[in-house]
Each structure stands twice: as structure tokens, then as C-alpha cells.
Amino acid sequence: MLANYHTHTARCNHAQGTEREYIETAIKNGFKILGFSDHCPQPYPEDYYSHIRMRMDEVEDYTNTLVKLRDEYKNDIHILIGYEVEYTREYFEDLIKYLRQYPLDYIIQGQHFVPNEIDGFYAGAQTTNEADIKDYVDITIEGMKTGRFSYLAHPDLLNYVGPDKVYQHHMKRIVETAIDLDIPLEINMQGFDLNRNYPSDRFFSMASAMGAKFIIGCDAHAPEAIMQPESVEGFSEFFNINNIAFGDNLINLKTI
Ligand SMILES: [Zn+2]
Ligand SMILES: [Zn+2]
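Predicted model, so just to flag it, every value in this text is computed and none were measured.

(A) Geometry of the state of the cysteines. Taken as a whole, this structure holds zero disulfides when the rule is applied. For Cys-12, which is in no disulfide, the shortest distance to another cysteine sulfur is to Cys-40 and amounts to 12 Å. Under the relative-accessibility criterion, Cys-12 is labelled buried at 0%. A relative accessible area of 0% places Cys-40 in the buried class.

Now the structure itself:
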């Protein structure tokens, strides 16, 4: 594939390596586009500190660093500046205004919390509660409908371990929305590599049959994770099972 739009930096406190190392690995592994999309800060109340994302005051250094590297490497690779954003109803518009003061190419939606990080639940925690899956789908679709997200990261992060029928009844609404709004759904390479609950066959076999568009995201939290899907053991099999083909992985970015 030629592009990866899902790359983190050490600012989120759970990724490692320098931006330069990510870029050089991408060039070495044949990428033409590398999009940085670190976990976006959120304008949360001052008494709440998130351990998994940069602070609002780190946006300037994040974008300055990437602008310099974008110029330095411009003959070898196209660098894009973005974020993986948690959609949170009460903070979203303020956040977009803030981010727009700095260089910004795109955002992707990563819905890790339902309905938010402060008093919601983590979507990746196992659940058998049908209300959880419904709430996850509702907040995810609300975010998709803002029209600002270039794609939906790990759409199948929600870790519902109940019957397929219940799972698909709710999750198909995300696929329908993605098709309506022309939003690619991400097949998350990190999740596959770490043997997480995503990417999930029961989600992608359904989405593939429905005709959704897909994109592979490295979701790199270390430079060596910027790799081609063919070099991830067993990953091709996932594509065969779910009737999905590898492509160039290029997408149209939405206006923010
Ligand atoms: Zn992360
Ligand atoms: Zn991510």
C-alpha cells in the first residue's frame, strides 16, 4: 500500500520513537504518504487529566515539528498532519476551532469511550450488555454525521461478546452510515498484530457483503509498525476470509 494515515507520536504517553524514525521507516517500507494522527487533546475541564493523549498546549510543538519534517522530506514522502479524535458532543466544535489555528490536513474518528472519556465506558472492554453496543453505535454515528472525519478507525473496537445476531443488528447501522456518507472503515493492523478483538471477522464479513469501503491503518505506536500488510503474519488470510482485497490505500480527505 502507498499510504498510512494512522500514526501516533510519543506525546500520547503510550507510543514511542521520534517522528523522524516513523518517517524513515515509512520511506524504507515503500510508503508515499504518511499521515500523523496522534490522539487528539480534548478541552476537558481543568480538574480532569487524560493519560492517553497530548495536552492542548502540545498542539503547537506537534504541528511545528511535523511542518519542519514535511519540508525536509518533501522529495521522498508526503507528510500529512492530523489527529485521531474522540467524538464528544460537548467539546467537539470548540476542539475543531482550536485545532484549526494550526496546520491541519485531516482527522480520523477513534471512538474509544462511550459517550465520553470522563464518565463513560471504554469501548474495548468486554460486554454482554446490548445497551452498550447500542450506545456505542449511536455516539459513533453522531460523530460520523459531523462530516469532518476522513475515516472511521477501528469501527469494531466495541468488544461485545454476545450473539452474532445482536452484534450485527446494531453494528450494521455503522456500515450503512459509512456507505451513505462515503466514509472508509479501517481495518486496524495493530489490533490484528496484537491479537485484539478487532479487526473482527463478524464485522468485516458483514461490511464487505454490504459494499463498504475499507482502508488499512497501521495504528503505529512505534516506528517499526509502519509496515506493509503483506509482512504482517496471517493478515492476508483475514482479507481472504472476509472477501476484501488489498489496494493502494489512498483516500480522499474530507474538509475539516
Ligand atoms: Zn493509542
Ligand atoms: Zn490509534
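(B) Looking closely at the nonpolar core. Counting 68 residues, the largest nonpolar core has Leu-34, Tyr-83, Tyr-136, Met-171, Ile-174, Leu-185 and Phe-203 as the members making the most contacts within it. Here Met-171 is in contact with Ile-133, Tyr-136, Val-137, Pro-155, Asp-156, Phe-203 and Met-206, once residues within four sequence places are set aside. Core analysis: the next-biggest nonpolar cluster, separate from the first, contains 10 residues, Tyr-5, Ile-33, Leu-80 and Tyr-106 among them.

(C) Region of interest: the coordination of the zinc ion (ligand 2). Coordination of the zinc ion (ligand 2) by the protein involves His-6 (NE2), His-8 (NE2), Glu-84 (OE) and Asp-219 (OD), with metal-donor separations of 2.0 to 2.4 Å. Because the angles between the four donor atoms bound to the zinc ion (ligand 2) fall within 78 to 165°, the donor set is best described as irregular. All donors of the zinc ion (ligand 2) come from a single chain, and their spacing in sequence reads H-x1-H-x75-E-x134-D. A distance of 4.4 Å spans the gap from the zinc ion (ligand 2) to the zinc ion (ligand 1). Within this pair, whereas His-6 is found in the loop between strand 1 (3-4) and helix 1 (19-28), its partner Glu-84 is found in strand 3 (residues 78-85), the two being separated by 78 residues in sequence. Under the relative-accessibility criterion, His-6 is labelled buried at 0%.

(D) View of the packing of aromatic side chains. Applying the stated criterion across every chain, the model contains 18 aromatic pairs. Aromatic pair Tyr-5 and Tyr-106: ring centres 6.0 Å apart, planes at 80°, arrangement edge-to-face. Of this pair, Tyr-5 sits in the loop between strand 1 and helix 1 while Tyr-106 sits in strand 4 (residues 106-109), placing them 101 residues apart in sequence. Assessed through its relative accessible area of 0%, Tyr-106 is described here as buried. With a centroid separation of 5.2 Å and 90° between ring planes, the pair formed by Tyr-44 and Tyr-48 is classed as edge-to-face. Note on Tyr-44: relative accessible area 10%, which makes it buried.

(E) Region of interest: the coordination of the zinc ion (ligand 1). Looking at the zinc ion (ligand 1), the protein donor atoms are His-14 (NE2), His-39 (NE2) and His-221 (NE2), and they sit 2.0 to 2.1 Å from it. Donor residues binding the zinc ion (ligand 1) come from one chain and are separated in sequence as H-x24-H-x181-H. A relative accessible area of 13% means that His-221 is categorised as buried.

Quick notes on the rules
Residues numbered from 1 in each chain as written. Chains lettered and ligands numbered in written order. Predicted model: local features only at pLDDT ≥ 70, side-chain atom pairs only at ≥ 80, totals over all residues. Heavy atoms only, no water. Disulfide = S-S within 2.5 Å. Buried < 20%, exposed > 50% of the residue type's maximum accessible area, 1.4 Å probe, protein only. Core = buried A, V, L, I, M, F, W, Y, C linked by side-chain atoms within 4.5 Å. Contact = heavy atoms within 4.5 Å. Donors = N, O, S within 2.8 Å, 3.2 Å for Na, K, Ca; no water. Tetrahedral: all angles 85-135°; square planar, octahedral: opposite > 155°, others 65-115°. Helix = DSSP H or I, 4+ residues; strand = E, 2+ residues; numbered from the N terminus. Phe/Tyr/Trp six-rings, centres within 6.5 Å; stacked < 30°, edge-to-face > 60°.

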